[in-house]
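Analysis of the macromolecular model
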Number of protein chains: 2
Amino acid sequence: MTLLAESMPWLQSAAFAVVIPAGVHREEESNRGVANLLCDWVQRGCGDYDSRQFVEALDNLGVARGGGVSASHITFSGALLAEHLGSTLGIYADLVQRPHFLTDEFEDAKQVCFQELRALEDDLHQQAMITLRRQIYPDPWGWHPTGTPATVEALTPEVAQQFYDNWMRPDETIISVAGNFDWDQLRDHVAALFGDWKAKPGQKSYLGSKLPEYVHIPFDSSQTHVALGFDSVPVSDPDFYQARAAIGIMSDGMSSRLFSEVREKRGLCYTVYASCHSLKEQGSVLAYAGTSTERAQETLDVMLQQFNELPQGVQQDELTRLKARFKSGIVMQQESSSSRASSMAGDWYHLGRIRTMDELAKTVDEITVDTINAYLQKSPPSHYRVTTIGAKKLEVPSGISSSDA
Amino acid sequence: MTLLAESMPWLQSAAFAVVIPAGVHREEESNRGVANLLCDWVQRGCGDYDSRQFVEALDNLGVARGGGVSASHITFSGALLAEHLGSTLGIYADLVQRPHFLTDEFEDAKQVCFQELRALEDDLHQQAMITLRRQIYPDPWGWHPTGTPATVEALTPEVAQQFYDNWMRPDETIISVAGNFDWDQLRDHVAALFGDWKAKPGQKSYLGSKLPEYVHIPFDSSQTHVALGFDSVPVSDPDFYQARAAIGIMSDGMSSRLFSEVREKRGLCYTVYASCHSLKEQGSVLAYAGTSTERAQETLDVMLQQFNELPQGVQQDELTRLKARFKSGIVMQQESSSSRASSMAGDWYHLGRIRTMDELAKTVDEITVDTINAYLQKSPPSHYRVTTIGAKKLEVPSGISSSDA
């Protein structure tokens, strides 16, 4: 286990993230959805707290809770008054090491997972992005944490407890704290709370396949959801910031290319974006536009055209604007304990070290039009994956294999 | 015009909100949706900037933009490096006083408004809440800013410019700034930028009717969206914090009644909440649950039961937890320039003055179980309004008039 901490003594608050390497990528076909269910189940009784006492204890401490399950991790996070940091970490120490695993609580947790699945059914934007990830990343890395109704139905308390035994472990767990705290006290407190957490051997992980390159999900609506993605570099790659800057020029700010070309000039959609997504060893660009069915083909075509034209080069004025946005972002991250706690955990996972704000600023300073364009020459957007949800299937570039969902 | 400012000298950032009393409540049947369209149109060229130069200028300053249109206001807001505050306010001074009002830009803005409407069509949670507001507040106060496809289609440049002439005016406009700035400099700069903005007479506002008390919108899905609301007090009412605390006990935190009874114990839904909403002279409680169609009736029944039982009294342990959450919230608001700028503008609009953090903390300290229960005895939840979107109409309490949408 690694404890990361950054002091922000001008704050009265603190934020923490407990980041456990028991994400969806540890699942298999036989227990798909288990990380998400486990994340709920362990909160229904642990240590001296029953289910009700657990939520009451955290509410009594005024903890604004966050966290959830991703491909990589189960994360428990929160922001709170600095004086309550120690007690709050104590509750999470119980949660990860001493869950009660009561069977009737398991059934309640499962019901919440079913409801989460149902709520997602109506969210077509999310559905498109969930499908896109499965076209880019192999199972289980591309799976959404909710699983499917059938896989959640099949989960048993034994399966969930086995997953806990295998993967909820101090090895590679990160606890990240930012805000107002005393380092010596924090270090000793965390050592006392988590020092007895036993390492576990883990297991070989499953690796499956991806979805076809074009997936169309028929849906009777006047709106069509277009998701478009392609492979890129992960955060740990030396070229990551070149890729990130190129996508920033495509999508960050109202003067960005996608916003300008797809929304402002052509009025094709209300929402359009592209973002860099990174697993530990694989990265991607994930883009989306929600548009009317009659203009969906044009929307996809313009998005593809914009990505295809990107290797022709970015301009100095575009980069100047992007750097101004990056610099604002760095300063604002530095002013928020929650952002900082989460960024530090991300740095440790992806890079094995923490970047200071000065280092981030220097990295941004060193990006030039030439470095971005050299990267784009070497790694132009290609091998697109497309998901559409709507009334009509679209024409996709030749070479993209297709299937109806 | 009023300039509000709170210094947070430990920050490198600043945040601002320009809050103009030209919200949806100034619209009529004949120009419904115009505030939202105007908000887009004025950003497409003003002062020395054409449409493109405007977004480039703000991106060059690294402004993270916010804002939008509400029942009360058109708001332009942003967070940025403190050193760029003056230049950024200069751009917004052009925007409110010197928009270009070019006709072809009007058509582009209209296209974006259509796309926004279409994107909303698929968001049934939002649709339910949009309908609920129209059951509680009379037109135009209950209207959603997007209008309808027919009303947006009918808008012309002349209509939008007339709305600007009538309502986009310094009278009652609030500029709120929080963060790192020099007060003398800021005051003089704002005076120079906005000093010549001419007051305008305004017009008599339209006041229409509400939707029926139960509205069911048939939709073929396994999910049903349940929105439930009733009248409450506005922020300016001396009882507001009693009402707010009662609803906090219903919905703030995982130990709250709705979360516990509807989601955790019965597994009826993934999302359930209730919140206090306030216009200037009228307030309401707006609640929501998204659930499966077969459990929708039970979900509505449990929500109603929880509200009906509220006047039987809240408990000390519930209030203790809620106060811990309120106190965390006050501290975190004080640490964020954006939150503070937005809260100050809200205070000025609702109360005509700014509450300090100390005053807010004192208000929270003075809430007791007895003060909440006395309020609930006097003003129990009643006269419910219900919207459902889903496959089946639900049974609603007797006395609620109904219509199918």
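Residue positions are counted from 1 within each chain, in the order its sequence is given. Lettering of chains starts at A and numbering of ligands starts at 1, both following the order in which they are written. Under the rules for a predicted model, residues below a pLDDT of 70 receive no local features and side-chain atom pairs below 80 are neither given nor counted, while totals for whole chains, interfaces and linings still include all residues. Side-chain numbers here rest on the full set of heavy atoms in the structure, without hydrogens or water.

A look at the overall build of chain A
In this description a helix means any DSSP run of H or I spanning at least four residues, a strand means any run of E spanning at least two, and both kinds are numbered starting from the N terminus. Scanning chain A for helices and strands turns up 15 helices and 13 strands. Over its C-alpha atoms chain A spans a radius of gyration of 22 Å, differing by no more than 12% from the 22 Å that the globule rule assigns to 405 residues. Along the longest, intermediate and shortest principal axes, the C-alpha atoms of chain A span 60 × 50 × 35 Å. For chain A, the proportion of contacts with a sequence separation of at least 24, taken over those separated by at least 6, is 83%. We compute the radius of gyration from the C-alpha atoms alone; for a globule the expected value is 2.2 Å times N to the 0.38, where N is the number of residues. What makes two residues a contact is simply this: any of their non-hydrogen atoms within 4.5 Å.

Here we look at helix α7 (residues 157-167) of chain B
Any residue under 20% of the maximum accessible area for its type is buried, any over 50% is exposed, and the rest in between are partly exposed; the area is computed with a 1.4 Å probe on protein chains only. Within α7 of chain B, the full set of buried residues consists of Pro157, Ala160, Phe163, Tyr164, Asn166 and Trp167 of chain B. In this fold, the buried residues of α7 of chain B make contact with β2 (13-20), α1 (34-41), α3 (85-97) and α4 (103-121) of chain B.

So, the packing of helix α3 (residues 85-97) of chain A against helix α8 (residues 183-194) of chain A
Axes are the key here: two packed helices are described by the angle between their axes and the distance separating the axes. Residues and elements named next belong to chain A. With axes taken as lines fitted to C-alpha atoms, and helix axes fitted only over the stretch in contact, angles between N-to-C directions fall between 0 and 180 degrees. Relative orientation of the contacting elements α3 and α8 amounts to 25°, with a least axis distance of 9 Å. With respect to α8, the axis of α3 lies roughly parallel. Judged by the sense of rotation from one axis to the other, the crossing of α3 with α8 is right-handed. Where α3 abuts α8, its residues Leu85, Gly86, Leu89, Gly90, Tyr92, Ala93, Val96 and Gln97 lie against Leu186, His189, Val190, Leu193 and Phe194. When residue character is reported, Ala, Val, Leu, Ile, Met, Phe, Trp, Tyr, Cys and Pro are called nonpolar, Asp, Glu, Lys and Arg charged, and the others, Gly included, polar. Of the residues assigned to the contact of α3 with α8, the class counts are nine nonpolar, four polar and no charged. Roughly parallel means an angle under 35 degrees; roughly antiparallel, over 145; roughly perpendicular, 65 to 115; everything else is oblique. Definitions for this section: a left-handed crossing has its near helix turned counterclockwise from the far helix by less than a right angle. A right-handed crossing has that turn clockwise.

Focus: the UniProt feature "domain: Peptidase M16 C-terminal" (unreviewed entry) in chain A
UniProt positions are given in the numbering used here, feature names are shortened, and annotations may be inferred rather than shown by experiment. Residues annotated by UniProt as "domain: Peptidase M16 C-terminal" (unreviewed entry) correspond here to residues 155-325 of chain A. Taken end to end, residues 155-325 of chain A has its terminal C-alpha atoms 45 Å apart, with 40% of it in helix and 24% in strand.

Examining the interface of chain A and chain B
Taken together, the contacts link 60 residues of chain A with 60 residues of chain B. Once two parts are put together, the accessible area they lose, assessed with a 1.4 Å probe and summed over both, is termed the buried area. When chain A packs against chain B, the two sides together hide about 4,900 Å² of surface, and 49% of this comes from carbon and sulfur. The three residues of chain A that bury the most area against chain B are Asp59, Gln115 and Asp122 of chain A, which together make up 13% of that side's buried surface. In the sections that follow, a salt bridge refers to a side-chain nitrogen of Lys or Arg positioned within 4 Å of a carboxyl oxygen of Asp or Glu. Viewed at the interface, chain B and chain A are joined by ten salt bridges. Those elements that provide at least two residues to the side of chain A that touches chain B are α2 (51-60), β6 (74-81), α4 (103-121), β9 (223-232), α10 (257-265), β10 (269-278), β11 (283-292) and α12 (316-335) of chain A. The element that contributes the greatest number of residues to the side of chain A that touches chain B is α12 of chain A, accounting for ten residues.

Looking at the environment of Ile367 of chain A
Position of Ile367 of chain A among the secondary structure elements: in the loop between α14 (357-366) and α15 (369-378). The sequence separation of Ile367 of chain A and Thr88 of chain A amounts to 279 residues, and the corresponding C-alpha distance is 41 Å.

Side note on the pairing of strand β7 (residues 174-179) of chain B
Residue and element names in this part refer to chain B. The buried fraction of β7 is high, at six of six residues. Both faces of β7 are covered, namely the face carrying Ile174, Ser176 and Ala178 and the face carrying Ile175, Val177 and Gly179. Across six bridges, the pairing between β2 and β7 is antiparallel. Within the sheet, the bridge partner assigned to Ala14 lies in β7 and is Gly179. For two strands to be treated as a pair, DSSP must find no fewer than two bridges joining them.

Here's the deal with the sheet that holds strand β2 (residues 13-20) of chain A
Residue and element names in this part refer to chain A. Pairing in this open sheet of five strands is mixed, and the strands run β1-β7-β2-β6-β5 from one edge to the other. The two strands at the open ends of the sheet, each matched to only one other strand, are β1 (2-7) and β5 (64-69). Neighbour to neighbour, the strand axes of the sheet diverge by 10° on average, direction disregarded. Summarising the sheet, β5 and β6 pair through six bridges and their orientation is antiparallel. Its bridge partner lying in β6, Gly66 is registered against Ser77. Contacts between α8 and the sheet are confined to β1 and β7 (174-179), with β1 contributing the most and set at about 155° to the helix.

Looking at the side chain of Arg385 of chain B
Residues and elements named next belong to chain B. Secondary-structure assignment places Arg385 in strand β12 (residues 385-390). Classification of Arg385 by relative accessible area gives buried; the value is 1%. Polar contact criterion, stated in full: a pair of N or O atoms within 3.5 Å, where within protein one must be able to donate a hydrogen and the other to accept it, and residues adjacent in sequence count only if both atoms are side-chain atoms. At 3.0 Å, the side chain of Arg385 forms a polar contact with the side chain of Asp231. Discounting residues that sit within four places of it in the chain, Arg385 has contacts with Leu132, Gln135, Ile136, Lys210, Glu213, Ala227, Leu228, Gly229, Phe230 and Asp231.

Let's talk about the packing of helix α10 (residues 257-265) of chain B against helix α11 (residues 296-309) of chain B
Residue and element names in this part refer to chain B. Two elements in contact, α10 and α11, have axes separated by 10 Å at closest approach and are oriented at 155°. Taken together, the axes of α10 and α11 are roughly antiparallel relative to one another. Crossing of α10 against α11: the hand is right-handed. Here Arg257, Leu258, Glu261 and Val262 of α10 lie close against α11, whose contacting residues are Thr299, Val302, Met303, Gln306, Phe307 and Glu309. Residues belonging to the contact of α10 with α11 are distributed by class as follows: five nonpolar, two polar and three charged.

Details of the relation of the copies chain A and chain B
Of the transformation placing chain A onto chain B, the axial shift is 0.0 Å and the rotation is 180°, giving an RMSD of 0.0 Å. The superposition of one copy onto the other is thereby described by a two-fold rotation axis. Of the residues that chain A buries at the interface, 100% are likewise interface residues in chain B, meaning the two copies contact each other through the same surface. When the copies are superposed, the least-squares fit draws on C-alpha atoms of residues that have pLDDT of at least 70 in both.

Considerations on the domain arrangement of chain A
Residue and element names in this part refer to chain A. The domains assigned to chain A are domain 1 (2-194) and domain 2 (214-404). Just so you know, the domain bounds were taken from an automatic or database domain assignment. Computed from C-alpha coordinates alone, the two centres of domain 1 and domain 2 are separated by 28 Å. Of the roughly 2,900 Å² buried where domain 1 meets domain 2, counting both sides, 69% is carbon and sulfur surface. Inspection of the domain 1/domain 2 interface yields one salt bridge. With its nearest N and O atoms 2.8 Å apart, the salt bridge here joins Glu6 to Arg340. Connecting domain 1 to domain 2 are twelve residue pairs in polar contact (both at pLDDT 80 or more). Within the residue set of the side of domain 1 that touches domain 2, elements represented by two or more residues are β1, β2, α5 (124-136) and β7. The greatest single-element share of the side of domain 1 that touches domain 2, amounting to ten residues, is contributed by α5. Considering only residue class, the side of domain 1 that touches domain 2 consists of 22 nonpolar, ten polar and two charged.

Here's the deal with unusual backbone geometry
That bond from Asp139 of chain A to Pro140 of chain A is cis: its omega, 0°, falls within 30 degrees of zero. Within the secondary structure, Pro140 of chain A is located in the loop between α5 and α6 (149-153). The backbone of Glu172 of chain B shows a phi angle near 70°, a positive value even though the residue is not glycine. Topologically, Glu172 of chain B is positioned in the loop between α7 and β7. On the basis of relative accessibility, which here comes to 47%, the residue Glu172 of chain B falls in the partly exposed class.

Considering the pattern of salt bridges
Per the counting criterion, the structure on display carries 54 salt bridges over all chains. Across the pair Lys378 of chain A and Asp239 of chain A runs a salt bridge, and its minimum N-O distance is 2.4 Å. Here Lys378 of chain A, found in helix α15, pairs with Asp239 of chain A, found in the loop between β9 and α9 (240-251); they are 139 residues apart in sequence, far enough to count as distant. Look at Lys378 of chain A and you get exposed, because its relative accessible area is 57%. In the salt-bridge network here, residues are joined through shared partners; they are Asp40, Arg44 and Glu105 of chain A together with Arg263 and Glu264 of chain B.

Concerning the sheet that holds β2 of chain B
All names here are of chain B. Here five strands make up an open sheet; going across it, the order is β1-β7-β2-β6-β5 and the pairing mixed. Looking along the sheet, the strands with just one partner apiece sit at the ends: β1 (2-7) and β5 (64-69). Ignoring which end each strand starts from, the neighbouring axes of this sheet average 10° apart. Where β2 and strand β6 (residues 74-81) come together, eight bridges link them in antiparallel fashion. Paired with Phe16 across the bridge in β6 is Gly78. Strand contacts of helix α8 (residues 183-194): β1 and β7, with the helix running at about 155° to β1, the strand carrying the most contacts.

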